[in-house]
Amino acid sequence: MSDEPKGLYKLGGAAFIVSGLLFLSRGVLEHMAGPPPSSGGEILAWVESEKLLLSLVSEVLFFAAMALVPAVIALYHSLAGTDRVKAATGCGIIAAVIPVIAMLLIVHGRLVYPVYGIRVTSPVVAEFVVAVFYGGMHAVGELLGVATLVLSLAMLRGAYGARIAYLGVATGVLDIVGAYPYAIGATLTLVCHLFFAAWFVAVGARLYGMRVAADITP
């Protein structure tokens, strides 16, 4: 293996680990802040009382999403020789999710970060912001679940091994389940975040350690 793909795998592997830990941190912070209330006035009071935690959620999730850029490129490169169709499909879905998260965070930031002194103060607008952000993150969770399942199937015949692949299958199912936090409750939602982070760390560690060309061939 040339130095170029080896360096790509190390960068991508490290990025996967960092992203996984940041996504887990976001889950813990959201667990600590609690779910958003259902009325605008209560949302404004909730934002005021949990402003630090919600600000950290916004920042942590942004960097978690950005870390996915080199991670997805390296992952595709490592899987393309094994199953190009599934690698392209799974990595393509994750790549599409990255700008969606960035746009949702722009909306979420209006709850906690003023722009030219302007911040959400209207109960009606607060309800809209919360509905858009959490509704959008619901879609993100489902998309990541599908991507994880597809990529895990591609990993069954490659260098990642059955353990990581089966962990990915379980994670993909829990990603979809975790897209409904209002239905499953805070504890199970946190468990879903934990599995998601564990799979990212496992994939990142394996990707970081790839050394020979045989690792990416059928």
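Our structure's up above, just so we're on the same page.
Model, not experiment: these values are computed from the prediction.

Draft legend 1. Representation of the overall build of the chain in the model. Along the backbone of the chain there are eight helices and zero strands. Going from N to C terminus, the chain has its helices and strands arranged as α-α-α-α-α-α-α-α. At 18 Å, the chain has a C-alpha radius of gyration in line with the 17 Å of a compact globule built from 218 residues. Overall, the chain is about 60 × 35 × 25 Å in size when its C-alpha atoms are taken along their principal axes. Burial status across the chain gives 43% buried among its 218 residues. Of all intrachain contacts in the chain linking residues separated by at least 6 positions in sequence, the fraction that spans at least 24 positions is 79%. Accessible area of the chain: about 10,000 Å², with a carbon and sulfur share of 71%.

Draft legend 2. Representation of the environment of Thr-187 within the structure. Examined against the element boundaries, Thr-187 turns out to sit in helix 8 (residues 186-208). Accessibility expressed as a relative area gives 60% for Thr-187, which makes it exposed. Spatially, the C-alpha atoms of Thr-187 and Tyr-116 are 38 Å apart, while their sequence positions differ by 71 residues.

Draft legend 3. View of the packing of helix 2 (residues 40-49) against helix 5 (residues 123-155). Running from amino to carboxyl end, helix 2 crosses helix 5 at an angle of 75 degrees, the nearest separation of the two axes being 7 Å. For the element pair helix 2 / helix 5, the angle class is roughly perpendicular. Side by side, helix 2 and helix 5 meet where Gly-40, Gly-41, Ile-43, Leu-44 and Trp-46 of the first sit next to Pro-123, Ala-126, Glu-127, Val-130 and Tyr-134 of the second. Counted by class, the contact of helix 2 with helix 5 contains seven nonpolar, two polar and one charged residues.

Draft legend 4. Quick look at the packing of helix 4 (residues 84-112) against helix 5. The geometry of helix 4 relative to helix 5 is characterised by a closest axis approach of 9 Å and an angle of 165 degrees between their N-to-C directions. In terms of orientation, helix 4 and helix 5 fall into the roughly antiparallel class. Two packed elements cross with a definite hand, and for helix 4 against helix 5 that hand is left-handed. For the contact of helix 4 with helix 5, the residue count by class is 25 nonpolar, four polar and one charged.

The rules behind each value
Residues numbered from 1 in each chain as written. Predicted model: local features only at pLDDT ≥ 70, side-chain atom pairs only at ≥ 80, totals over all residues. Heavy atoms only, no water. Helix = DSSP H or I, 4+ residues; strand = E, 2+ residues; numbered from the N terminus. Rg over C-alpha atoms; globule rule 2.2 N^0.38 Å. Buried < 20%, exposed > 50% of the residue type's maximum accessible area, 1.4 Å probe, protein only. Contact = heavy atoms within 4.5 Å. Areas by Shrake-Rupley, 256 points an atom, 1.4 Å probe, with all protein chains shown as cover. Axes fitted to C-alpha atoms, helices over the stretch in contact; angles between N-to-C directions. Parallel < 35°, antiparallel > 145°, perpendicular 65-115°, else oblique. Nonpolar A, V, L, I, M, F, W, Y, C, P; charged D, E, K, R; others polar. Left-handed = near helix turned anticlockwise from the far one by under 90°.

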